[in-house]
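Coordinate analysis (summary)
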Amino acid sequence: MKLAFAGKGGVGKTSLCAWMGDHLSRRGLDVWLVDADTSLSLGAACGLPPEAVPAPLAAREDIVRERIGSGIMSLTPFVDDLPEGLSVELPRAPGQGRRRLLVMGGVDAGGGGCACAANALLKAVLASMISGRGEVVLVDLEAGVEHLGRGTVADVDGLVVVSEPSLRSLRTAAEAARMARELGLARQALVLNRCSAAPQLPPLECLPPLAACLPPLEGLAARQLWDGSVLGLPERAAVDAACLAVEAALFT
Ligand SMILES: Nc1ncnc2c1ncn2[C@@H]1O[C@H](COP(=O)(O)OP(=O)(O)OP(=O)(O)O)[C@@H](O)[C@H]1O
Ligand SMILES: [Mg+2]
């Protein structure tokens with residue numbers, strides 16, 4: 001399964017992506033965590049120190065030039081070796097599946113070079129990451145609908161749309177869902193973050209069905225000034241329950 005996490009800025013996309021990766025790996029699945037956001041925070045959310053987070057692929061002009069070419073762009077670059085070669089592995093407990101972090105960067109993070117070439121490479125890498133049996137690919141997207149507009153995530157199987165319980169946030173969620181549906185991505189689930197109980201939602205066209213609500217997490221609020229990680233919280237049971245609900249909503 002290959003899932004992407006979309007929604008308005010600051011709603012909890014990166015946190016949910018890290019939680020989902022942690023949850024699935026504790027169930028023994030091997031997880032690829034793909035950071036496709038310019039702010040590059042998925043590694044930190046998973047507990048990696050800044051020096052352990054690799055430079056984003058989108059900013060690696062040498063690789064972009066080598067694979068995509070300058071001048072006439074290759075539309076079918078060879079990229080199969082890139083995830084393995086450029087990812088870092090997160091520590092794991094006995095019995096836990098692997099978690100590998102691939103930092104791609106956002107679509108506009110093409111260094112001084114051409115953002116179109118960097119975007120073509122990101123798209124090719126995402127398309128090449130066909131998840132095998134017992135393997136999951138989780139893609140943390142940039143806020144808003146940019147990636148969906150550019151079709152970067154055309155090859156994912158499911159979209160997790162994260163929103164706060166507010167009209168503005170839900171409007172972005174509905175727009176992301178609409179664009180994804182136009183790309184043929186019909187398998188979608190809505191997660192309301194910082195929301196204690198399922199509310200009556202405004203009638204926004206295209207809003208995906210509500211799969212889970214996650215309340216404000218005191219344990220996270222209490223430590224996030226000093227710690228970038230969102231893992232190992234006292235509220236892990238609630239987080240796990242939300243992850244299970246998302247999986248069930250998308251794949252049953
Ligand atoms: N349920 C929650 N309770 C308390 N704090 C939360 C909760 N969910 C997320 N946060 C905190 O809110 C902040 C924003 O979360 P996060 O970075 O996951 O959002 P995002 O949607 O990925 O943001 P961006 O659009 O900048 O990428 C973080 O500091 C995170 O620790
Ligand atoms: Mg984020």
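Structural data are supplied above this passage.
Basis of the calculations
Residues numbered from 1 in each chain as written. Chains lettered and ligands numbered in written order. Predicted model: local features only at pLDDT ≥ 70, side-chain atom pairs only at ≥ 80, totals over all residues. Heavy atoms only, no water. Helix = DSSP H or I, 4+ residues; strand = E, 2+ residues; numbered from the N terminus. Rg over C-alpha atoms; globule rule 2.2 N^0.38 Å. Buried < 20%, exposed > 50% of the residue type's maximum accessible area, 1.4 Å probe, protein only. Contact = heavy atoms within 4.5 Å. Lys, Arg positive; Asp, Glu negative; His and termini not counted. Charge placed at Lys NZ, Arg CZ, Asp CG, Glu CD. Pairing = 2+ DSSP bridges. Right-handed = clockwise from strand over helix to strand, strands pointing away. Axes fitted to C-alpha atoms, helices over the stretch in contact; angles between N-to-C directions. Parallel < 35°, antiparallel > 145°, perpendicular 65-115°, else oblique. Nonpolar A, V, L, I, M, F, W, Y, C, P; charged D, E, K, R; others polar. Near = heavy atom within 4 Å. Polar contact = N/O pair within 3.5 Å; in protein donor to acceptor, adjacent residues only side chain to side chain. Areas by Shrake-Rupley, 256 points an atom, 1.4 Å probe, with all protein chains shown as cover. Core = buried A, V, L, I, M, F, W, Y, C linked by side-chain atoms within 4.5 Å.

So, about the overall build of the protein chain. Within the protein chain, the regular secondary structure consists of nine helices and eight strands. Rg of the C-alpha trace for the protein chain: 17 Å, near the compact-globule value of 18 Å for 252 residues, within the 12% margin. Dimensions of the protein chain along its principal axes, counting C-alpha atoms only, are 55 × 45 × 35 Å. Counting all 252 residues of the protein chain, 51% fall into the buried class. For the protein chain, restricting intrachain contacts to residue pairs at least 6 apart in sequence, the fraction spanning at least 24 positions comes to 72%. Between the centroid of the 23 positive side chains of the protein chain and the centroid of its 28 negative side chains there is a distance of 3 Å.

Of all six residues that make up strand S6 (residues 158-163), six are buried, and the element is covered over most of its length. Sheet analysis places strand S1 (residues 2-7) next to S6, joined by five bridges and oriented parallel. When the sheet's bridge partners are listed, Leu3 is paired in S6 with Gly158. As defined by bridge partners, S6 adjoins strand S7 (residues 188-193) across five bridges and the pair is classed as parallel. Looking at the pairing, Val160 lines up with Ala189 of S7. In this fold, S6 hands off to helix H7 (residues 167-182), which returns the chain to S7; that crossover is right-handed.

Attention shifts here to the packing of helix H1 (residues 13-26) against helix H9 (residues 236-251). For the pair H1 and H9, interaxial distance at closest approach is 10 Å and the crossing angle is 85 degrees. Of the possible angle classes, the one that applies to H1 and H9 is roughly perpendicular. Contacts from Trp19, Met20, His23, Leu24 and Arg26 of H1 reach H9 at Arg236, Val239, Asp240, Cys243, Leu244, Val246 and Glu247. Here the residues of the contact of H1 with H9 are counted per class, giving seven nonpolar, one polar and four charged.

Now for the pairing of strand S4 (residues 99-103). Among the five residues that make up S4, five are buried, leaving the element largely enclosed by the rest of the structure. By the bridge criterion, five bridges tie strand S2 (residues 30-36) to S4 in an arrangement that is parallel. Of the residues in S4, the one forming a bridge with Val34 is Leu102. In terms of strand pairing, strand S3 (residues 88-89) meets S4 through two bridges, oriented antiparallel. Its bridge partner lying in S4, Glu89 is registered against Arg100.

What follows concerns the sheet that holds S2. An order of S3-S4-S2-S5-S1-S6-S7-S8 is seen for the eight strands of this open sheet, with the pairing classed as mixed. The open sheet has two edge strands with one neighbour each: S3 and strand S8 (210-214). The sheet contact formed by S2 and strand S5 (residues 135-141) spans seven bridges and is parallel. Looking across to S5, one finds that Val34 is bridged to Val139. Those strands touched by H7 are S1, S6 and S7, and its axis lies near 170 degrees from that of S6.

Before going further, it helps to examine the site of ligand 1. With respect to spatial proximity, 18 residues lie near ligand 1, and among them Lys13, Thr14, Ser15, Arg194 and Gln224 are the closest. Within the side chain of Thr14, one N or O atom sits 2.8 Å away from an oxygen atom of ligand 1. Separating a nitrogen atom of ligand 1 from a side-chain N or O atom of Asn193 is a distance of 2.8 Å. Computed on the free molecule, ligand 1 has an accessible area of 640 Å², of which 79% lies beneath the protein chains in the complex. At four residues, H1 tops the list of elements feeding residues into the shell around ligand 1.

Let's shift gears to the nonpolar core. Ranked by size, the top nonpolar core spans 43 residues in total, and within it Leu121, Val125 and Val139 carry the most contacts. Sequence-distant contacts of Leu121, defined by excluding residues within four places in its chain, comprise Leu57, Ile63, Val64, Arg67, Ile68, Val79 and Leu82. Among the nonpolar cores identified, the runner-up in size contains 39 residues, and Ala18, Val162, Val239 and Cys243 belong to it.

Turning our attention to the environment of Thr172. Tracing the backbone shows Thr172 in helix H7. We classify Thr172 as buried; its relative accessible area is 18%. Sequence separation between Thr172 and Ala6 is 166 residues, and the spatial gap between their C-alpha atoms is 9.2 Å. Residue contacts for Thr172: discarding those within four places in its chain leaves Gly7, Lys8, Gly144 and Val145.

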